[in-house]
Amino acid sequence: MELKVSSLAERPEMFGPVVQMANSWPEFVKHDPVGDAHYGRIAAELPEYVLFAVDERDQVLAHAYSVPFVLAAEGRGALPARGWDQVLVWAFEDLRGSARPDTVSAIAIVVAPDAQGRGLSARMLSALRDNAGSLGFGEVVAPVRPSAKHLEPRTPIEEYAHRVRADGLPHDPWLRVHARAGARIECVAPASMTVSGSLTEWRGWTGLPFDARGDVEVPGALVPVRCEPERGYAVYVEPNVWMRHAL
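Worth saying up front: this structure is predicted, and the values here are computed from it rather than measured.

Participant: What am I meant to see in the overall build of the protein here?
Facilitator: Assigned secondary structure in the protein consists of 7 helices and 9 strands. The C-alpha atoms of the protein give a radius of gyration of 18 Å, which matches the 18 Å a tight globule of 247 residues would have. Dimensions along the principal axes, computed over C-alpha positions, put the protein at roughly 50 × 45 × 40 Å. Burial status across the protein gives 51% buried among its 247 residues. For the protein, the proportion of contacts with a sequence separation of at least 24, taken over those separated by at least 6, is 71%. Taken as a whole, the protein presents about 11300 Å² of accessible surface, with 50% of it coming from carbon and sulfur.

Below is the structure:
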């Protein structure tokens, strides 16, 4: 299959197909208020940081979103415990203030459901790294959402993130792709994304009853969702794994 990777800055006419590409995200993930406020802005305001792959029919099969930000700013310096949410806030705060970015963070690499299993995620990660290098950056950081962690929602993220195979590579498939590309684990982001909602909302997002107090295992969730029926809400705090790619 012939694939061509471009940025939205190079092909702005592909904006619609890129942002409307089908994905396989769990429904509840789409209701993180920080992501809801900022994710859609990346393609519109930072098109040079949005890459996409098309086949010979110009059908979009995958895309990779990233954002530039200032890591070395006062009060920053370390990769944030609030991971994905925080780096989105920093990126658009810096864009508004016309600050000169020093780092690129990967935000999402998404492969269309009917194109999965073809190695496109690794291809898009490589393209994202190359794009950051071509824009003058010396590193890419990534708040990685481990792809198989949902199978072990009660395993502590620190334990899971550092589990390796006999060959020394990470146990988790998506962490392994990053490691093969040259990344190393920097730290865990324990509160990378937070989704809170009423019990009615959670029932709609998941099809589960959410009627008992305690931790609820939800398909696609990396950790259990905390349900508080007497208070009428449930909260999901997702951990990610910060990985650092030197370019």
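That was the structure; now back to the text.
Participant: What should I look at first to understand helix α2 (residues 33–45) in this one?
Facilitator: Working note: α-helix, 3.6 residues per turn, so residues spaced by three or four point in the same direction. Here α2 contains 13 residues, and its C-alpha end-to-end distance of 19 Å stays within 8% of the 18 Å for a straight helix at 1.5 Å per residue. Of all the positions in α2, only V34, G35, H38, I42 and A43 are classed as buried. Along the long axis of α2, the arc covered by the buried residues comes to 145°, so they all point the same way. Seen from the open side of α2, the exposed residues pointing more than 90 degrees away from its buried face are P33, D36, G40 and A44. Against α1 (15–19), β2 (50–54), β3 (60–69), α3 (83–96) and β4 (103–111) lie the buried residues of α2.

Participant: Could you clarify how one ought to interpret helix α4 (residues 120–134) in this entry?
Facilitator: Under the 1.5 Å per step criterion, the end-to-end length of α4 is 21 Å for 15 residues, consistent within 8% with the ideal 21 Å. Those residues of α4 that sit buried are L120, M124, L125, A127, L128, R129, N131 and A132. Once α4 ends, the next one or two residues include G136, with phi positive near 100°.

Participant: Please explain the nonpolar core as it appears in this structure.
Facilitator: Across soluble globular proteins, nonpolar side chains have a tendency to be buried as a group. The biggest cluster of nonpolar side chains holds 77 residues, and the ones touching the most others in it are I42, I107, W202, F210 and Y236. Beyond its immediate stretch of four places on either side in the chain, F210 contacts L199, W202, R203, V216, V218, V225, C227 and A234.

Participant: I would appreciate a short explanation of the side chain of S6 in the present structure.
Facilitator: Relative to the helices and strands, S6 is located in strand β1 (residues 4–7). Those residues within four positions of S6 in sequence are excluded, and the remaining contacts are R11, V50, L51 and F52.

Participant: Looking at this structure, how should I read the pattern of salt bridges?
Facilitator: For the coordinates displayed, the defined rule picks out 20 salt bridges. For R11, the salt bridge goes to D58, with nearest N and O atoms at 2.8 Å. Of this pair, R11 sits in the loop between β1 and α1 while D58 sits in the loop between β2 and β3; the two residues are 47 residues apart in sequence, bridging distant segments of the chain. Members of the salt-bridge network, linked through shared partners, are R213, D215, R226, E228, E230 and R231.

Participant: It is not clear to me how the pairing of β4 should be interpreted in this structure. Could you clarify?
Facilitator: In terms of burial, β4 is a largely internal element, 9 of the 9 residues being buried. Alignment of β3 against β4, held across 8 bridges, turns out to be antiparallel. Bridged to F69 within β4 is T103. Taking the sense of rotation as the criterion, the β-α-β connection linking β4, α4 and strand β5 (residues 139–144) turns out right-handed.

Participant: Is there a simple way to think about the packing of aromatic side chains in this case?
Facilitator: Aromatic ring pairs: the centre-centre distance and the angle between the two ring planes describe each pair. For the coordinates displayed, the defined rule picks out 8 aromatic pairs. An angle of 35° between the planes, with centres 5.8 Å apart, marks the rings of F28 and W202 as tilted. Residue F28 is found in the loop between α1 and α2, and its partner W202 is found in helix α7 (residues 199–206); the two are separated by 174 residues along the sequence. Of the two residues, F28 and W202, neither departs from the other in class, the shared state being buried. Among the aromatic residues, those joined into a cluster by ring pairs are F28, W202, W205, F210 and Y236.

Participant: Would you take a moment to explain the packing of α2 against α3 for this structure?
Facilitator: Between two packed helices, the angle of one axis relative to the other and the distance separating the axes together describe the packing. Running from amino to carboxyl end, α2 crosses α3 at an angle of 50°, the nearest separation of the two axes being 10 Å. When the axes of α2 and α3 are compared, the pair comes out oblique. Considering only the axes of α2 and α3, their crossing is left-handed. Residue-level contacts link V34, G35, H38, Y39, R41, I42 and E45 of α2 to W84, D85, L88, V89, F92 and L95 of α3. Here the contact of α2 with α3 is composed, by residue class, of 8 nonpolar, 2 polar and 3 charged.

Participant: Any chance you could explain the environment of P209 here in plain terms?
Facilitator: Relative to the helices and strands, P209 is located in the loop between α7 and β7 (214–216). In this structure, the C-alpha to C-alpha distance between P209 and L199, residues 10 residues apart in sequence, is 8.4 Å.

Conventions adopted
- Residues numbered from 1 in each chain as written.
- Predicted model: local features only at pLDDT ≥ 70, side-chain atom pairs only at ≥ 80, totals over all residues.
- Heavy atoms only, no water.
- Helix = DSSP H or I, 4+ residues; strand = E, 2+ residues; numbered from the N terminus.
- Rg over C-alpha atoms; globule rule 2.2 N^0.38 Å.
- Buried < 20%, exposed > 50% of the residue type's maximum accessible area, 1.4 Å probe, protein only.
- Contact = heavy atoms within 4.5 Å.
- Areas by Shrake-Rupley, 256 points an atom, 1.4 Å probe, with all protein chains shown as cover.
- Expected span 1.5 Å × (residues − 1).
- Arc of directions from axis to C-beta.
- Core = buried A, V, L, I, M, F, W, Y, C linked by side-chain atoms within 4.5 Å.
- Salt bridge = Lys/Arg side-chain N within 4 Å of Asp/Glu carboxyl O.
- Pairing = 2+ DSSP bridges.
- Right-handed = clockwise from strand over helix to strand, strands pointing away.
- Phe/Tyr/Trp six-rings, centres within 6.5 Å; stacked < 30°, edge-to-face > 60°.
- Axes fitted to C-alpha atoms, helices over the stretch in contact; angles between N-to-C directions.
- Parallel < 35°, antiparallel > 145°, perpendicular 65-115°, else oblique.
- Left-handed = near helix turned anticlockwise from the far one by under 90°.
- Nonpolar A, V, L, I, M, F, W, Y, C, P; charged D, E, K, R; others polar.

That is the geometry; function is a separate question.
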